[in-house]
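# Remarks on the overall topology
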Amino acid sequence: MFLTRSEYDRGVNTFSPEGRLFQVEYAIEAIKLGSTALGITCKEGVVIAVERRVTSPLIEPSSIEKLFEIDSHIGCAMSGILADARTLVDHARSEAQSHRFIFSEPIKAQSVAQSVCDMALNFGEGDGSQKKPMARPYGVALLIAGVDRSGAALFNTDPSGTLFKYKAKAIGSAAEGAQTMLEEEWNENLTLDDAVKLAAKILKQVMEEAITPVNVEIAVVPVSSQKYQSLPIEQVEEILRSLS
Amino acid sequence: MFLTRSEYDRGVNTFSPEGRLFQVEYAIEAIKLGSTALGITCKEGVVIAVERRVTSPLIEPSSIEKLFEIDSHIGCAMSGILADARTLVDHARSEAQSHRFIFSEPIKAQSVAQSVCDMALNFGEGDGSQKKPMARPYGVALLIAGVDRSGAALFNTDPSGTLFKYKAKAIGSAAEGAQTMLEEEWNENLTLDDAVKLAAKILKQVMEEAITPVNVEIAVVPVSSQKYQSLPIEQVEEILRSLS
Amino acid sequence: MFLTRSEYDRGVNTFSPEGRLFQVEYAIEAIKLGSTALGITCKEGVVIAVERRVTSPLIEPSSIEKLFEIDSHIGCAMSGILADARTLVDHARSEAQSHRFIFSEPIKAQSVAQSVCDMALNFGEGDGSQKKPMARPYGVALLIAGVDRSGAALFNTDPSGTLFKYKAKAIGSAAEGAQTMLEEEWNENLTLDDAVKLAAKILKQVMEEAITPVNVEIAVVPVSSQKYQSLPIEQVEEILRSLS
Amino acid sequence: MFLTRSEYDRGVNTFSPEGRLFQVEYAIEAIKLGSTALGITCKEGVVIAVERRVTSPLIEPSSIEKLFEIDSHIGCAMSGILADARTLVDHARSEAQSHRFIFSEPIKAQSVAQSVCDMALNFGEGDGSQKKPMARPYGVALLIAGVDRSGAALFNTDPSGTLFKYKAKAIGSAAEGAQTMLEEEWNENLTLDDAVKLAAKILKQVMEEAITPVNVEIAVVPVSSQKYQSLPIEQVEEILRSLS
Amino acid sequence: MFLTRSEYDRGVNTFSPEGRLFQVEYAIEAIKLGSTALGITCKEGVVIAVERRVTSPLIEPSSIEKLFEIDSHIGCAMSGILADARTLVDHARSEAQSHRFIFSEPIKAQSVAQSVCDMALNFGEGDGSQKKPMARPYGVALLIAGVDRSGAALFNTDPSGTLFKYKAKAIGSAAEGAQTMLEEEWNENLTLDDAVKLAAKILKQVMEEAITPVNVEIAVVPVSSQKYQSLPIEQVEEILRSLS
Amino acid sequence: MFLTRSEYDRGVNTFSPEGRLFQVEYAIEAIKLGSTALGITCKEGVVIAVERRVTSPLIEPSSIEKLFEIDSHIGCAMSGILADARTLVDHARSEAQSHRFIFSEPIKAQSVAQSVCDMALNFGEGDGSQKKPMARPYGVALLIAGVDRSGAALFNTDPSGTLFKYKAKAIGSAAEGAQTMLEEEWNENLTLDDAVKLAAKILKQVMEEAITPVNVEIAVVPVSSQKYQSLPIEQVEEILRSLS
Amino acid sequence: MFLTRSEYDRGVNTFSPEGRLFQVEYAIEAIKLGSTALGITCKEGVVIAVERRVTSPLIEPSSIEKLFEIDSHIGCAMSGILADARTLVDHARSEAQSHRFIFSEPIKAQSVAQSVCDMALNFGEGDGSQKKPMARPYGVALLIAGVDRSGAALFNTDPSGTLFKYKAKAIGSAAEGAQTMLEEEWNENLTLDDAVKLAAKILKQVMEEAITPVNVEIAVVPVSSQKYQSLPIEQVEEILRSLS
């Protein structure tokens, strides 16, 4: 009596007979084609890490940016369509700046995550700036990591505009394996150093290529400094050495 | 002579030969994929409760918000697409605030429910704010619970914009079983404590996972205080203990 | 040489080779899915009555509103899609109020009915207010009943924007049987009490469930008072008792 | 090499390979589903008459209006979709009034007919008022009858916006038979009374139901008075009596 | 490898693989369904003539207008969709009047023809007046005939917006045969009387019905008077008599 | 795995899997249906020539205009859809005039060609005037020929908005053969007379009909005068005589 | 269960079930139909070079422009649809000029590349100027080469709006082979002369036609001068001589 699912899956806003929105689900699939990213909170802060796919030795690894600073105390990792991530991050940055300007205080990571989700849900609306809206769901997931007075926090947004808070979360092509490892190894007493090493260790296991200081990016937001910092390549090198 | 139903079911606003609007019916199906929620009125107030689906031990249960405070005397439970619920709740909150501002009195729960239904029926219109409208029906049902001078009231809205008032109502994937239990066990003389326990007892029976203080949310609006309050985890724990 | 009818029946404004507009005809079908409603005029006034479908014992019957007061001297009964009826009734109410404001006299029931038909025909146009128009025909029929200096009048509107005046008319799922009974039993000398009883008697026969004071609604507009009044449940109870 | 006609017949503005516009032709078919109407001119004036289809003995025959006064010296009969006719007649009335206001003289029947045709051709344009245009051709034909200094005149408009002047013309489901009778019986020396009787006689023959004073409407515009007048039911009764 | 032509022929603006625009070609076909029209220039002036199709003896032949005066020195004959012709002629008339107003001299027939072609090419644009544009090509061809200081001229426009100047040209259903006769019989030394007779003679041969003074229309623009004049029925009668 | 090409070739802006835009390619095909045109530069100036297709002996050859003066020092030849050419040429003329007005110097042929290409690429945009844009690519190619201080220049534009400068170029149905002859016979030392004769000679060979002074058009822009001039029919006659 | 890919590949913004956007991928294919272009950075500057396809000996090679100066210190090479490249380059030029005007300093090559990517991602948005946006992805890739205080830089943009920085990069139909050669031969110690020769050598190997000074274009931006300069034909000739 019903058609097969494929008859309902091209309308951006068409429900299937079971009540599903396939174009949003397919956008979520776009993330499974993306590189693996993960985030880990601990009492001392939060770490985000991501695999870089270097397709030619002549490419500048630094130009394959997959970690972004949103405000001085908030960063994010992305998996999925790079250009879509840039649009959402630009939006998040301007939300953060206008919050700082209006309220004279840093924005909370949750508010940033919420505003990214609003934009994802309403992909046909734009953000009120002069930019026109997207004609399709954003094919990207973000791990938004920040620190405020209540400590470190990690939020995961997806193309459906759904928002969850995690203690530790992996996204991208190897998300499943990475998440299992996070669930096995995460505990409340991790130090920030432990968390960084755990992130590196998991990436090392799930990446298809051999991990090198060049094909991963790691950043932290320590509770103490409340400052987002991308780890310099030497420090990444050292961490990788400590793993073997 | 007629086509099968599937030929009429993708146009958001296409009648089938029998006079049905399938896209709205499919949006109603979206709710059957959602987690179970229920609401119970009694003379002393109204309780709403919902199952939380915790997909990873590392997710923060508090971030799977399915109960919302709309105004200090009105709350709601949702089942269906989370991001759609947030849009409707945001609309309801702003209706409540502007009513309070214009008339210097709290809005009635029925008015809130009515304005949610107007938005659901006219999903292509938006709410007059600068937000653009949806291009599809909202895939969410709400149980709107509030208290005013005439006592406690519970309203159920669905994607077709239909509004009914209930003494007790269950929605979501286990709605059928839960509603039967409500019909068997509800009576006019329930105390608010009874109602809370009844809610917890029904969720316990219909949830696939074992119920824990973490995977349910319960909130009440007592007639005495006229204040929406989400039950703290300790109190939920105690209630669950009292059930076994 | 022609296609089957189904090839022409999804365009909201497409003529079939025989000159038919199927989407409007299908919207008319929506009414046959609705509950039965009827209206009866007599010299002393006009009565409208409707079946309420109570799907759960915990639903508040009063919230299944299918009779509406449009102005103090005009009411209506609906059958079809409840939310569509509410939109048309809101439009009719505001027409009635603005007529009263501009001309300092009550609007005639025919003018109300005509303005509902204009809106139904031009479903893609809206009513000039800031509300956006529908993208489909309204799936609802109304029985508009009112009283003015020339006596009681009853009008029937349908999704095609067609308007007829009736002495007595039934709509909804049991319209056919009910109309036959009306044709047999109506005469010019009915009192308003007779008309109310006739309405109740017909509903009793055509309803699938046993009739109770809870699952019917009855309202009258007497010529003497020119005031729309919904009959209280006690009075309905009495009428039903008098039938058996 | 060509597709069958059905491939070209749903676009409102698509030419078929032979250069035909099928949607307009189908709208013309809508008239063949309508009740029969006819108009007859003579030296003394012009008569229009139409069959009323009374579907229930409880319907008020006067509410099945199919003859319309456009201005005091012009009337029209319609066949096809009633609500479409009302829209065109409203337009014609306002054209007539604004002509009277600007030029201080009554509008000519031909000008009224021309303005109806302009609206029919350009169904997607509206009439410059705040009303939005139709999204389909108007499914109605009109017989516009009027009197001015040059005598009585009768114009026939159809959904394609074509306009012809006739001495006598029939439209609607029995148009073919009625037109043959007109061609046999019309002559230049008819009196207005003869014309009225001829109209009644032809309707009597082509109607499926037995003709009664209730199920026909007749109106005349005499050259002497230049006033449109609908014949009262007694006069129609007398005419019918004179036929048998 | 290519589809059949029919796959490309419904888009109003779609090229086929061979670079053809079928909807425009089909609009050109609409002209082959039209009545035959022709125009003949000579040193003394220009004549246009057209067949009238009289479908009922009760139709007023004068209302089947197929020759139009555009300005006092320019006229035109049409073949194809009558209502489309009227729109183009109205445009041409207003172009002629505004030229006369701005430049205090009569417009040239070529300028009129050019402005008709601009409107035909850009059928989706309208003419800058408040009228909305067509949503399809105009299904009409015109023969625009006029006289100015340089003598008589005849222009042929078609639905593609193409414009050619002719000494003599036939359009419509019998265009082919009529054009052959024109090519055989036209010479530079025709008098205007010769030209009128030639026009009548050709129509007589190509028309399916027997030619009568009622079913043809003839008009001339003599070089001497530079005034468009439609030949009165008596003169047409005389011409037809002279042919036999 | 891929569909055949025909599945991608109707969307005006749809890429095929190989990255092709078929509607633009089909518009280019429209030119191969057109009459042959060619342009030849030499030190003394530039010549453009085109075949006229005379379909009836009664057509005025002068009305089949295929060479256009853009400004006093720039002309062009066209092949493809005549009405499209006129639109592009009108645009080019107004560009030339506004350049002259703003900069008090003649526009360069390259600037004219560039502005034609901008309009061809952005066919959906219009030229900023009140004219509405095309809904399809322009089905025409131009050879734009002009002279300025740096000498004679010839530019070729096509429906894709591509622009190339040529020493000599042929377009239209016989473009291939004509271009081969140009490549064989062109050299830097041609005089303008040689170029004109070469143009005539090539047209003579590639045209299906016998060449006559009536069915070709030739124009030149000499470096000495910098004035576009269309060759009078006597001069063309003389050139053709010199060829045989 | 899924459709074949071809069912998802025509919507400009439709995700396939695996989360892919085919129209963007097909636009990327358009580049593989383009001529080969490459860019090489070194300490002394950056070189870009491109193959010119000369289709007729009568075409002016200089009019086949595939290298563009964006600002005095930035240039770019393109592969794909020439007219699309011109649009992006125009946008880049105006970005560069407005940066210079606002900040009184030259724009960075990365900022130029970023703004090109924004426009590519949001192809439906335009650049805020009065130009209307594209209705399809831009079918072009650019190699943007520039020099600033931090040295020479090379950026590659593609139709998906993705941006990467390269030490050396080849695009177009022979990209694969050329990139392999670049990876083999590039090292940090190349002089600018070495880089130019390497570019010429690679083009020589991958081009199907024999390389000549006419069918390649080479440009450099030396760190010393910070001035984009296109190499004159004599210098290209010399370089090619040095290769053999």
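A brief structural summary.

The rules we used
Residues numbered from 1 in each chain as written. Chains lettered and ligands numbered in written order. Predicted model: local features only at pLDDT ≥ 70, side-chain atom pairs only at ≥ 80, totals over all residues. Heavy atoms only, no water. Helix = DSSP H or I, 4+ residues; strand = E, 2+ residues; numbered from the N terminus. Buried < 20%, exposed > 50% of the residue type's maximum accessible area, 1.4 Å probe, protein only. Contact = heavy atoms within 4.5 Å. Pairing = 2+ DSSP bridges. Salt bridge = Lys/Arg side-chain N within 4 Å of Asp/Glu carboxyl O. Axes fitted to C-alpha atoms, helices over the stretch in contact; angles between N-to-C directions. Polar contact = N/O pair within 3.5 Å; in protein donor to acceptor, adjacent residues only side chain to side chain. Parallel < 35°, antiparallel > 145°, perpendicular 65-115°, else oblique. Left-handed = near helix turned anticlockwise from the far one by under 90°. Nonpolar A, V, L, I, M, F, W, Y, C, P; charged D, E, K, R; others polar. Patch = residues over 30% accessible without salt bridge, like charges linked within 9 Å, V, L, I, M, F, W, Y side chains within 5 Å. Areas by Shrake-Rupley, 256 points an atom, 1.4 Å probe, with all protein chains shown as cover. Lys, Arg positive; Asp, Glu negative; His and termini not counted.

## Here we look at the overall build of chain A
- Along its length, chain A carries 6 helices and 10 strands.
- The buried share among the 244 residues of chain A stands at 59%.
- Pairs at least 24 apart in sequence give 63% of the contacts found in chain A among residues at least 6 apart.

## Thoughts on the sheet that holds strand 10 (residues 229-230) of chain C
Residue and element names in this part refer to chain C.
- A sheet is described by the order of its strands in space; here 5 strands give the open sequence 8-1-2-9-10, paired in antiparallel fashion. Of all the strands in the sheet, the pair left with one neighbour each is strand 8 (168-171) and strand 10.
- Both strand 1 (residues 37-42) and strand 2 (residues 45-51) contribute to a ladder of 6 bridges, which runs antiparallel. In the sheet register, Leu 38 faces strand 2, and the bridge partner there is Ala 49.

## Focus: the pattern of salt bridges
- For the coordinates displayed, the defined rule picks out 56 salt bridges over all chains.
- One salt bridge connects Arg 52 of chain D with Glu 217 of chain D, and the closest N-O pair in it is separated by 3.7 Å. Of the two residues, Arg 52 of chain D is situated in the loop between strand 2 (45-51) and strand 3 (67-71) and Glu 217 of chain D in strand 9 (residues 216-222); the sequence distance between them amounts to 165 residues.
- You can call Arg 52 of chain D buried: its relative accessible area is 11%.
- Close ionic contact of Arg 53 of chain E with Glu 51 of chain E constitutes a salt bridge, the shortest N to O distance being 3.8 Å.
- The buried category is assigned to Glu 51 of chain E, whose relative accessible area is 7%.

## Re the environment of Ser 63 of chain F
Residue and element names in this part refer to chain F.
- Within the secondary structure, Ser 63 sits in the loop between strand 2 (45-51) and strand 3 (67-71).
- Overall, Ser 63 belongs to the buried group, its relative accessible area being 17%.
- It is 31 Å that separates the C-alpha atoms of Ser 63 and Trp 186, two residues lying 123 residues apart in sequence.

## A few points about the sheet that holds strand 1 (residues 37-42) of chain A
Residue and element names in this part refer to chain A.
- Taken together, 5 strands build an open sheet; the order of strands is 8-1-2-9-10 and the sheet is antiparallel. Looking at the sheet topology across the chains shown, the edges are occupied by strand 8 (168-171) and strand 10 (229-230).
- Pairing of strand 2 (residues 45-51) with strand 9 (residues 216-222) involves 7 bridges; the strand directions are antiparallel. Looking across to strand 9, one finds that Gly 45 is bridged to Pro 222.
- Where helix 4 (residues 175-185) meets the sheet, its contacts fall on strand 1 and strand 8, and the angle it forms with strand 8 comes to roughly 165°.

## So, the pairing of strand 5 (residues 140-148) of chain B
Residues and elements named next belong to chain B.
- Burial of strand 5 is extensive: 8 of the 9 residues sit out of reach of the surface.
- Strand direction decides the pairing type here: strand 4 (residues 74-80) and strand 5, joined by 7 bridges, are antiparallel. Within strand 5, the residue paired with Ala 77 across the bridge is Leu 143.
- Examined bridge by bridge, strand 5 and strand 6 (residues 151-157) share 7 bridges and lie antiparallel to one another. In the sheet register, Gly 146 faces strand 6, and the bridge partner there is Ala 153.
- A loop of 2 residues connects strand 5 with strand 6, the two strands running antiparallel in sequence.

## Describing unusual backbone geometry
- We note that Ser 104 of chain A has phi near 55°; this positive angle belongs to a residue other than glycine.
- One can find Ser 104 of chain A in the loop between helix 2 (82-103) and helix 3 (109-121).
- Classification of Ser 104 of chain A as exposed rests on a relative accessible area of 66%.
- Of note, Gln 226 of chain E is a non-glycine position whose phi angle comes to about 55°, a positive value.

## Overview of the side chain of Thr 36 of chain A
All names here are of chain A.
- The residue Thr 36 is located in the loop between helix 1 (22-32) and strand 1 in this model.
- Looking at Thr 36, its side chain comes within polar contact range of the main-chain nitrogen of Ala 174, at 3.2 Å.
- Setting aside chain neighbours within four positions, we find Thr 36 in contact with Ala 49, Val 50, Glu 51, Ile 171, Gly 172, Ser 173, Ala 174, Leu 203 and Val 206.

## Side note on the packing of helix 2 (residues 82-103) of chain E against helix 3 (residues 109-121) of chain E
Residues and elements named next belong to chain E.
- Here helix 2 crosses helix 3 at 135°, and the two axes come no closer than 9 Å. Between helix 2 and helix 3, the angle is such that the two are oblique. In the packing of helix 2 onto helix 3, the handedness of the crossing is right-handed. Contacts between helix 2 and helix 3 pair Thr 87, Leu 88, His 91, Ala 92 and Glu 95 from the former with Val 112, Ser 115, Val 116 and Met 119 from the latter.
- Here the contact of helix 2 with helix 3 is composed, by residue class, of 5 nonpolar, 3 polar and 1 charged.

## Some remarks on a nonpolar patch on the surface
Residues and elements named next belong to chain A.
- A cluster of nonpolar side chains, Phe 101, Ile 102 and Phe 103, forms an exposed patch at the surface whose accessible area comes to about 410 Å².
- Turning to its location among the elements, Ile 102 is positioned in helix 2.
- When its relative accessible area of 57% is taken as the criterion, Ile 102 is described as exposed.

## Thoughts on the side chain of Lys 169 of chain G
Residue and element names in this part refer to chain G.
- Mapped onto the elements of the fold, Lys 169 is located in strand 8 (residues 168-171).
- Despite being buried, Lys 169 has no salt bridge partner; Glu 183 is the closest side chain of opposite charge, sitting 7.3 Å away.
- Ignoring any residue separated from it by four or fewer positions in sequence, one finds Lys 169 in contact with Ala 37, Leu 38, Gly 39, Leu 143, Leu 154, Asn 156, Gln 179 and Leu 182.

## Describing the pairing of strand 6 (residues 151-157) of chain E
Residue and element names in this part refer to chain E.
- Most of strand 6 sits inside the fold, with 6 of its 7 residues counted as buried.
- Taken together, the 4 bridges between strand 6 and strand 7 (residues 163-166) define a ladder with antiparallel strand orientation. When the bridges of strand 7 are listed, Asn 156 appears paired with Phe 164.
- In this structure, the hairpin formed by strand 6 and strand 7 is closed by a connection of 5 residues, where Gly 161 is found at a positive phi of approximately 85°.

## Regarding the environment of Ile 107 of chain D
Residue and element names in this part refer to chain D.
- Note that Ile 107 resides in the loop between helix 2 (82-103) and helix 3 (109-121).
- Residues Ile 107 and Gly 146, 39 residues apart in the sequence, show an inter-C-alpha distance of 9.8 Å.
- Aside from chain neighbours lying at most four places away, what touches Ile 107 is His 73, Ile 74, Glu 95, Ala 96, His 99 and Val 112.

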